[in-house]
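# Fold and geometry: a report
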Amino acid sequence: MIDDKLVIAGIEFQSRLWVGTGKYKDFAETKRAIEASGTDVVTVSVRRVNIIDRSKENLLDYLDPKIYKILPNTAGCYTARDAIRTAMLAAEAGITKLVKLEVIGDDKTLFPDNEATLEAAKVLVKEGLIVLPYTTDDPIMAKKLVDVGCSAVMPLAAPIGSGLGIRNPYNIRIIMETVKVPIIVDAGVGTASDVAFAMEIGCDAVLLNTAIAGAKDPIAMAEAMKYGVLGGRLAYKAGRIPKKLYASASSPLEGMIGS
Amino acid sequence: MTITLNGEKKEVPDGMTVTRLLEFLNIQRQRVAVELNLEIVKKDKFEMTTLKEGDSLEVVSFMAGGISLEYGV
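For clarity, every value in this text was computed on a predicted model and none was experimentally measured.

A few words now on the overall build of chain A. Tallying secondary structure elements over chain A gives 8 helices and 10 strands in all. Taking 259 residues into account, the globule formula puts the C-alpha radius of gyration at 18 Å, and chain A, at 20 Å, falls close to it. With respect to the three principal axes, the spread of C-alpha positions in chain A is 85 × 40 × 35 Å. For chain A, the proportion of its 259 residues judged to be buried stands at 54%. Excluding contacts between residues fewer than 6 apart, the proportion of contacts in chain A whose partners are at least 24 apart in sequence is 66%. On chain A, the mean spot of the 31 positive side-chain charges and the mean spot of the 31 negative ones are 1 Å from each other.

Below you can see the structure in the form of structure tokens.
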């Protein structure tokens, strides 16, 4: 596993598990969960600074920039224009050129608006950002996003926060065969086996938030996710046996008594 | 003068630069980005950008949030 680092646009990532920072009880819990997950990539949103109350702490004060890569997202944007504005502000705030591009199409499903995502991606790539777009599990869309210069594709496993796991592994596999950039499953995983499965089929990384933050014990779940990723990735690299309908004995038949 | 700051009307001293405004609001300039009338103000232009009556400003930073969530802060 030593030479098994994930590289996107020349940036090396230690962990294949990326985590969001929403929905936790407080920053102390967020920090403990992030540490337990073993991740080095943390996604954050871009929001107005609280002008009225300056006493509130900032999450980033809890996260050592030497350990964690901050991945700003455009969460909450419903139009290409808002997503572009938000991403450009994130880049200007000065931590990174990376952006997780999200343009939401509908607040019930939180499915992405692919058309608007593509439009925003085009602009942001031209502006020099490293764009990682959240998209449906659609191979054609993935290809279009890569064609306009996206550095990775982030297809959903299932609706955000649903915990359903990868609902269409065949599409995810076709996406992996269609585009030559890293595939990061984003959203919808529920538990460690979902993460392991994503890795076993060859995805490059998984981004999740609710599955950890919403668990009864977020710290324990964060650790479970860490092992899910490690186990799944190792299994993928090891090369699993093919599935067969009938048995094949694992003990030798020679030397049986009575033969 | 009155400016619109993060969507709210706010009274600030006349002729402030962006740098002065951030100091006035007790906001650390690292990790923030500023948009003035829908145009991003680069950090190296904070000092020379003077605000006028009626200007609309957005001051943003990174907050807790995962995947289309708005929590924390």
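Here the focus is the interface of chain A and chain B. One frequently used descriptor of interface size is the decrease in accessible area upon assembly of the parts. Of the residues lining the interface, 43 residues belong to chain A; the matching set on chain B comes to 32 residues. Both faces combined, the contact of chain A with chain B buries some 3,400 Å², and carbon together with sulfur accounts for 62% of it. Summed over the three residues of chain A that lose the most area to chain B, namely A:Arg48, A:Ile51 and A:Glu92, the buried surface amounts to 20% of that side. The tally of links between chain A and chain B comes to 4 salt bridges. In this structure, the salt-bridge partner of B:Arg31 is A:Asp61, at a minimum N-O distance of 2.9 Å. At the surface where chain A touches chain B, the tally comes to 10 residue pairs in polar contact (both at pLDDT 80 or more).

Our focus in this paragraph is the pairing of strand β2 (residues 8–11) of chain B. Every other side chain in a regular strand lies on the same face of the sheet, so the side chains alternate between the two faces. All names here are of chain B. Pairing analysis gives 4 bridges linking strand β1 (residues 2–5) to β2, with the strands arranged antiparallel. Bridge pairing in β2 links Thr-2 to Glu-11. Taking the residues that link successive antiparallel strands as the turn, the β1-β2 hairpin has 2 residues, and the phi of Asn-6 there is positive, at about 45°.

Peptide bonds are, in most cases, trans, and in most cases residues other than glycine have a negative phi. The residue A:Leu110 is not glycine, and still its phi comes out positive at about 55°. The residue A:Leu110 is located in the loop between β6 (98–101) and α3 (114–126) in this model. By relative accessible area, which is 17% here, A:Leu110 ends up buried. At B:Asn26, a position not held by glycine, the phi torsion is positive, near 60°.

Residue and element names in this part refer to chain A. The tally for this structure, following the rule as stated, stands at 2 aromatic pairs over all chains. Their ring planes at 40° and their centres at 5.0 Å tell us that Phe-13 and Trp-18 sit as a pair that is tilted. Exposure class is identical for Phe-13 and Trp-18. Each is buried. Sitting above the plane of the Tyr-134 ring, Lys-100 keeps its charged end 5.6 Å from the centroid.

Conventions used here
- Residues numbered from 1 in each chain as written.
- Chains lettered and ligands numbered in written order.
- Predicted model: local features only at pLDDT ≥ 70, side-chain atom pairs only at ≥ 80, totals over all residues.
- Heavy atoms only, no water.
- Helix = DSSP H or I, 4+ residues; strand = E, 2+ residues; numbered from the N terminus.
- Rg over C-alpha atoms; globule rule 2.2 N^0.38 Å.
- Buried < 20%, exposed > 50% of the residue type's maximum accessible area, 1.4 Å probe, protein only.
- Contact = heavy atoms within 4.5 Å.
- Lys, Arg positive; Asp, Glu negative; His and termini not counted.
- Charge placed at Lys NZ, Arg CZ, Asp CG, Glu CD.
- Buried area = accessible area lost by both parts, 1.4 Å probe.
- Salt bridge = Lys/Arg side-chain N within 4 Å of Asp/Glu carboxyl O.
- Polar contact = N/O pair within 3.5 Å; in protein donor to acceptor, adjacent residues only side chain to side chain.
- Pairing = 2+ DSSP bridges.
- Phe/Tyr/Trp six-rings, centres within 6.5 Å; stacked < 30°, edge-to-face > 60°.
- Lys NZ or Arg CZ within 6 Å of the ring centre and 35° of its normal.

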